[in-house]
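The chain contents come next:
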Amino acid sequence: MSSVFVDSDLDPLEPTLQSILDQKSLRWIFVGGKGGVGKTTTSCSLAIQLAKVRDSVLLISTDPAHNLSDAFNQKFGKEARKIEGFENLSAMEIDPNGSIQELIEGAEGSQNPLGNMMQDLAFSIPGVDEAMSFAEVLKQVKSLSYSTIVFDTAPTGHTLRFLQFPAVLEKALSKISQLSGKFGPMLNGILGAQGGPGGVDEMMQKMEGMREVIGEVSKQFKDPDLTTFICVCIPEFLSLYETERMIQELNNYQIDTHSIVVNQLLFPQKGSTCEQCTARRRMQKKYLEQIEELYEDFNVVKCPLLVEEVRGSDKLRKFSEMLVTPYDAPAED
């Protein structure tokens, strides 16, 4: 890297994600950051590199925008599907805002009073819809037995909400337990009279099963041997601000994070007379120096602003090399 971007007084960690590839015990890897900073490109590229050194890798998008299909030029859905051109890399796109009614109707039926009441109750608890949807995904993912799962997460606010899911489900289960204790016999009687399947007990079993799954995985998320979070940003104020906010929250939730990918960096071009480029490089340099000072104990990966979109397997493979081999920027005149 050009010395203009490196503080010679520091002894920074390797500016690559090689340590992620080397840590064979990692099971869950999250990639997150502000919208538009290159999370999907980074997560796809990391998954490609991981597929070289793991038996099987699953890439999951929890971002409602669902960019994986666009990135690989291949349609993905809520079932895991192999990515064309890879033997051991699969992808799926899930909707974290999936209807809670779909999750519980198997126990109650779609038109009975218990289903409607449970939906009303659930939506009264902020985040429970996403929590239950995510629990369903985790149940499916656990049964698929992939070596490593990479999550391409939604923008920062959604990501931080997902970290609260175990507590949210606990709260929902507690409320439903209280309700079933008071009204369970009556509701079961109504359902029985209507010939409806299941009842309060079955609903409780389903909720309890979800709570157990998400509780178990939540413990794994807090184990640095099993889980890490990669922050993606660009060298601008708002992105740096959100990155700091996210890292603080991750620390609060005891989730390991020690890698930052800085995208869209402008590097000096020999003979360039572009005043706008020079001004923007100067601004980026300021924020990059702040990033390196704030996160001197992080692996800070620096990726250049490219002249074309990174779409398709070939371009993603090429971009992925920059995550493990530092970009060789030209020296500034």
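You'll find the structure just up there.
Residues numbered from 1 in each chain as written. Predicted model: local features only at pLDDT ≥ 70, side-chain atom pairs only at ≥ 80, totals over all residues. Heavy atoms only, no water.

A. How the structure looks around the nonpolar core. In this structure, Leu46 and Phe72 are the most contacted members of the largest nonpolar core, which totals 36 residues. Leave out the neighbours within four places in its chain, and phenylalanine 72 touches Cys44, Ile48, Leu59, Ile83, Phe86, Ser313 and Leu316. If you look at the next biggest cluster of nonpolar residues, it comprises 33 residues, including Val213, Cys231, Met246 and Leu250. (Core = buried A, V, L, I, M, F, W, Y, C linked by side-chain atoms within 4.5 Å. Buried < 20%, exposed > 50% of the residue type's maximum accessible area, 1.4 Å probe, protein only. Contact = heavy atoms within 4.5 Å.)

B. Representation of the pattern of salt bridges. Under the criterion given, the structure shown has four salt bridges. Residues lysine 52 and glutamate 321 are paired through a salt bridge, measuring 3.0 Å at the closest nitrogen-oxygen approach. Separated by 269 residues along the polypeptide, lysine 52 in helix α2 (residues 39-53) and glutamate 321 in helix α12 (residues 313-324) bring together distant segments of the chain. By relative accessible area, which is 35% here, glutamate 321 ends up partly exposed. Residue arginine 280 is joined to glutamate 236 by a salt bridge in which the shortest nitrogen-to-oxygen separation is 2.5 Å. Remark: glutamate 236 occurs in the loop between β6 (227-233) and α10 (237-252) and arginine 280 occurs in helix α11 (residues 275-294); sequence separation between them is 44 residues. (Salt bridge = Lys/Arg side-chain N within 4 Å of Asp/Glu carboxyl O. Helix = DSSP H or I, 4+ residues; strand = E, 2+ residues; numbered from the N terminus.)

C. Molecular detail of the sheet that holds strand β2 (residues 57-61). The sheet built from eight strands is open, its strands ordered β3-β4-β2-β5-β1-β6-β7-β8 with mixed pairing. Each of the sheet's edge strands pairs with one partner strand only, and the pair in question is β3 (81-82) and β8 (299-304). In terms of strand pairing, β2 meets strand β4 (residues 89-93) through five bridges, oriented parallel. Pairing of isoleucine 60 across the sheet is with methionine 92, part of β4. Set on the sheet, α2 makes contact with β1 (28-33), β2, β4, β5 (148-152), β6 and β7 (259-265); between it and β1 the angle comes to about 155 degrees. This element, α11, spans β6, β7 and β8 of the sheet and lies at about 175 degrees to β7. (Pairing = 2+ DSSP bridges. Axes fitted to C-alpha atoms, helices over the stretch in contact; angles between N-to-C directions.)

Honestly, it's all geometry; don't read function into it.
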